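Here is how the chains run, residue by residue.
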Amino acid sequence: METIRTIQGLRSKLAGLRRERETTVGFMPTLGYMHEGHLSLIRAAKAQDGIVVLSIFVNPLQFGPNEDFAKYPRDTARDLKMAEEAGVDVAFVPDVEEMYPTPMRTKVSVSEVSERLCGASRPGHFDGVAAVVLKLFNIVQPDHAYFGLKDAQQVAVIEQMVHDLNVPVKIVPCPTLRESDGLAMSSRNVYLSPEERSQAPILNRALAEAEEALQNGEVRPEQLRQLVANRISEASLSDIDYVEVMQYPSLTPLDPQVTPKQLIVAVAVRFGKTRLIDNRILDLERMPSHV
Ligand code: AMP
């Protein structure tokens, strides 16, 4: 594996690899502090692409002024070791100066899909994500880009951007990897105190109950929402940011007149200073009773 810190260096390395191998490029952008969830994206890319590129960049543009940009966990040496062992060909690790040598004057803003859920709680977050992902797509020019469905709204925003702007890349959404007790893997899980960590799997349990309720015919969004919110509230250290039931991937409220193909039950919950997100995307056409 080669670690490259400059855009110019990455471009020339990839041009050489493409000439040599005549194969496709798979890419996954990350903030680093890798875990099994990140590795699952690398494995998906290895199965499909002859060149696998990973980026590690804590993007200041996607953090709000009171968020954890400075404190975001970082361990690049460990990340690079994990990436190499997983079979990454090129790790792109730019610094902020390399990515933003001058203040950004261009905004990449995906309306509607960005506005609810985390977009409402974290103003500007998805503009920052869309901008950095579009920059990275232009730098790497991948054939396939792999994203985790743990961040389902991020997937929806990127898919919409790629569609609207004819970006020549195929987005590959990948399933959420979980700890053995069901907690969705996240770099931020390290912030949790032992007591918060022991309560955090309530998110997954509440979402599983919503799925079960839907399978048993509970189709009213407000009822599903309440069920999830009530269950999560049982955890004494939880502080709900949102619990929402929406159409997916449009992320618009459910219209009682229209049956969507997919809906998402999405949650964001604070445990102390740590904000965790999780979701279930439910395929209504596969449910015994349609909404
Ligand atoms: P991050 O470093 O948190 O920005 O994540 C980088 C990529 O890994 C994103 O596409 C995430 O959606 C994905 N990812 C993060 N956690 C998980 C997980 N538990 N399972 C699958 N993918 C994940």
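Residues numbered from 1 in each chain as written. Predicted model: local features only at pLDDT ≥ 70, side-chain atom pairs only at ≥ 80, totals over all residues. Heavy atoms only, no water.

A separate point is helix H9 (residues 202-215). With 14 residues, H9 extends 20 Å from end C-alpha to end C-alpha; this agrees with the ideal 20 Å at 1.5 Å per step. Within the span of H9, buried status applies to Ile 202, Leu 203, Asn 204, Ala 206, Leu 207, Ala 210, Ala 213 and Leu 214. Where the residues of H9 are buried, they touch helix H8 (194-199), helix H10 (221-233), strand E8 (262-271) and strand E9 (274-283). Of the residues one or two after H9, Gly 217 is the one with positive phi, at around 100°. (Helix = DSSP H or I, 4+ residues; strand = E, 2+ residues; numbered from the N terminus. Expected span 1.5 Å × (residues − 1). Buried < 20%, exposed > 50% of the residue type's maximum accessible area, 1.4 Å probe, protein only. Contact = heavy atoms within 4.5 Å.)

Another point: the sheet that holds strand E2 (residues 25-30). Hydrogen bonding along the main chain pairs the strands of a sheet, whether they run parallel or antiparallel. Spatially, the six strands line up as an open sheet ordered E1-E4-E3-E2-E5-E6, and their pairing is parallel. Two strands lie at the open edges of the sheet, namely strand E1 (2-4) and strand E6 (170-174), each paired on one side alone. Averaged over all pairs of adjacent strands, the angle between strand axes in this sheet comes to 25°, irrespective of strand direction. Bridge count between strand E3 (residues 51-56) and strand E4 (residues 90-92): three bridges; the pairing is parallel. Considered in E4, the bridge of Val 53 is made with Val 90. Each of E2, E3, E4, strand E5 (144-148) and E6 is contacted by helix H6 (residues 125-140), which is oriented at about 150° to E2, the strand it contacts most. (Pairing = 2+ DSSP bridges. Axes fitted to C-alpha atoms, helices over the stretch in contact; angles between N-to-C directions.)

What follows deals with the nonpolar core. Ranked by size, the top nonpolar core spans 50 residues in total, and within it Phe 137, Ile 158 and Met 161 carry the most contacts. Per-element tally for this core: the top contributor is H6, with eleven residues. Viewed by domain, this core spans two of them, domain 1 (2-174) and domain 2 (187-281), each represented by three or more residues. Not counting residues up to four positions away in its chain, the partners in contact with Phe 137 are Phe 27, Pro 142, Ala 145, Phe 147, Ile 158, Met 161, Val 162, Val 167, Val 169 and Ile 171. (Core = buried A, V, L, I, M, F, W, Y, C linked by side-chain atoms within 4.5 Å. Domains from an automatic or database assignment.)

Looking now at unusual backbone geometry. Look at the link from Tyr 248 to Pro 249: it is a cis peptide, with omega at 5°. Counting through the fold element by element, Pro 249 comes out in the loop between strand E7 (238-248) and E8. In this structure, Leu 117 takes a positive phi of about 45° despite not being glycine. With respect to the helices and strands, Leu 117 occurs in the loop between helix H4 (96-99) and helix H5 (118-121).

As a further point, take the pattern of salt bridges. Evaluated as defined, the whole model comprises 16 salt bridges. The salt bridge involving Arg 21 is made with Asp 89; its shortest N-O contact spans 3.1 Å. One end of the pair, Arg 21, is in helix H1 (residues 7-21); the other, Asp 89, is in the loop between helix H3 (76-86) and E4, with 68 residues separating them in the sequence. A relative accessible area of 36% places Arg 21 in the partly exposed class. Overall, Asp 89 belongs to the buried group, its relative accessible area being 16%. Across the pair Glu 222 and Arg 225 runs a salt bridge, and its minimum N-O distance is 3.1 Å. Of this pair, Glu 222 and Arg 225 both sit in helix H10, three residues apart, roughly one helical turn. Relative accessible area serves as the criterion here: at 23%, Arg 225 is assigned to the partly exposed category. Salt bridges sharing partners connect three or more residues here, namely Glu 209, Arg 231 and Glu 234. (Salt bridge = Lys/Arg side-chain N within 4 Å of Asp/Glu carboxyl O.)

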